[in-house]
Amino acid sequence: PHFRLDWGFMAASFGVKFIAWPLAMFGFIALDQQVLQLFDEQTHKAMVMFSIVPLAVNSVILATLFNAQPEKMAAAVFASTAFALVY
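Analysis parameters
Numbering of residues starts from 1 in each chain and follows the order in which that chain's sequence is written. With pLDDT at 70 or above as the cut-off, local features in this predicted model cover only qualifying residues; side-chain atom pairs require 80 or more to be listed or tallied, and sums for whole chains, interfaces and linings still use all residues. The basis for every side-chain value is the complete set of non-hydrogen atoms in the structure, without hydrogens or water. Here a strand is any run of E in DSSP of at least two residues, a helix any run of H or I of at least four, and the numbering for each starts at the N terminus. In a helix, the anticipated span is given by 1.5 Å times the number of residues less one. Categorising residues by exposure relies on relative accessible area from a 1.4 Å probe, with only protein chains included: less than 20% of the type maximum marks a residue as buried, more than 50% marks it as exposed, and the intermediate range marks it as partly exposed. Note on contacts: a residue pair qualifies if any of its non-hydrogen atoms lie within 4.5 Å across the two residues. To pair, rings of Phe, Tyr and Trp, with the six-membered ring standing in for Trp, must have centres within 6.5 Å; the planes then decide the type, stacked if under 30 degrees apart, edge-to-face if over 60, and tilted in the middle. The definition of a nonpolar core used throughout is a set of buried Ala, Val, Leu, Ile, Met, Phe, Trp, Tyr and Cys residues joined through side-chain atoms within 4.5 Å. What makes a salt bridge here is a side-chain nitrogen of Lys or Arg within 4 Å of a carboxyl oxygen of Asp or Glu, nothing more.

1. A few points about helix H4 (residues 70–86)
If you check H4, its first and last C-alpha atoms are 25 Å apart, about what 17 residues at 1.5 Å a residue would give, namely 24 Å. Within the sequence span of H4, burial applies to Met73, Ala75, Ala76, Val77 and Ser80. The inward-facing, buried residues of H4 contact helix H1 (7–36) and helix H3 (58–65).

Below, the structure written as structure tokens:
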């Protein structure tokens, strides 16, 4: 088997992890600040930090356990870690 990057998978995972998830988190924080007022500013900062970290390594473990192309996930985790250094 020859390894090659799946650009569609990478684009989808990066889109969700680095665009959709932070936007959803910022939206929730704005809602909380204006309406709900459930969390303090320090918790909001933690939420932002959690929303911009790279893909988690545990996803590679799950892909391995379910035999669901773990090499794709490992490549995505590596690329997202490298990308997060400048993000």
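There's plenty left to go through after this.
2. Here we look at the packing of aromatic side chains
In the structure shown here, the tally under the stated rule is 6 aromatic pairs. Arranged with centres 5.5 Å apart and planes meeting at 55 degrees, the rings of Phe14 and Phe83 form a pair that is tilted. With Phe14 in helix H1 and Phe83 in helix H4, the pair connects residues that are 69 residues apart, well separated along the chain. On the basis of relative accessible area, Phe83 is assigned to the partly exposed category, the value being 33%. An aromatic cluster is built from Phe14, Phe18, Phe83 and Tyr87, whose rings are joined through pairwise contacts.

3. A short note on the nonpolar core
Judged by nonpolar contacts, Met10, Leu55, Val60, Ala63, Met73, Ala76 and Val77 together constitute the single largest core of 7 residues. Elements with a contribution of two residues or more to this core: H3 and H4. If one sorts the elements of this core by residue count, H4 sits on top with 3 residues. In contact with Val77, not counting residues within four places along its chain, are Leu55, Ala56, Val57, Ser59 and Val60.

4. Details of the environment of Pro54
Structurally, Pro54 can be placed in the loop between helix H2 (41–52) and H3. Along the chain, Pro54 and Phe83 lie 29 residues apart, while their C-alpha atoms are 7.9 Å from each other. Ignoring any residue separated from it by four or fewer positions in sequence, one finds Pro54 in contact with Lys17, Phe18, Ser80, Thr81 and Ala84.

5. Regarding the pattern of salt bridges
Tallied over the entire structure, the rule returns 1 salt bridge. Between Asp6 and Lys72 there is a salt bridge, and its shortest N-O distance comes to 2.7 Å. With a gap of 66 residues between them, Asp6 in the segment before H1 and Lys72 in helix H4 connect regions that are remote in the sequence.

6. Let's talk about unusual backbone geometry
The backbone of Gln37 shows a phi angle near 55 degrees, a positive value even though the residue is not glycine. Even without being a glycine, Asn67 presents a positive backbone phi close to 50 degrees. Mapped onto the elements, Asn67 comes out in the loop between H3 and H4. Looking at Asn67, the relative accessible area reads 68%, which means it is exposed.

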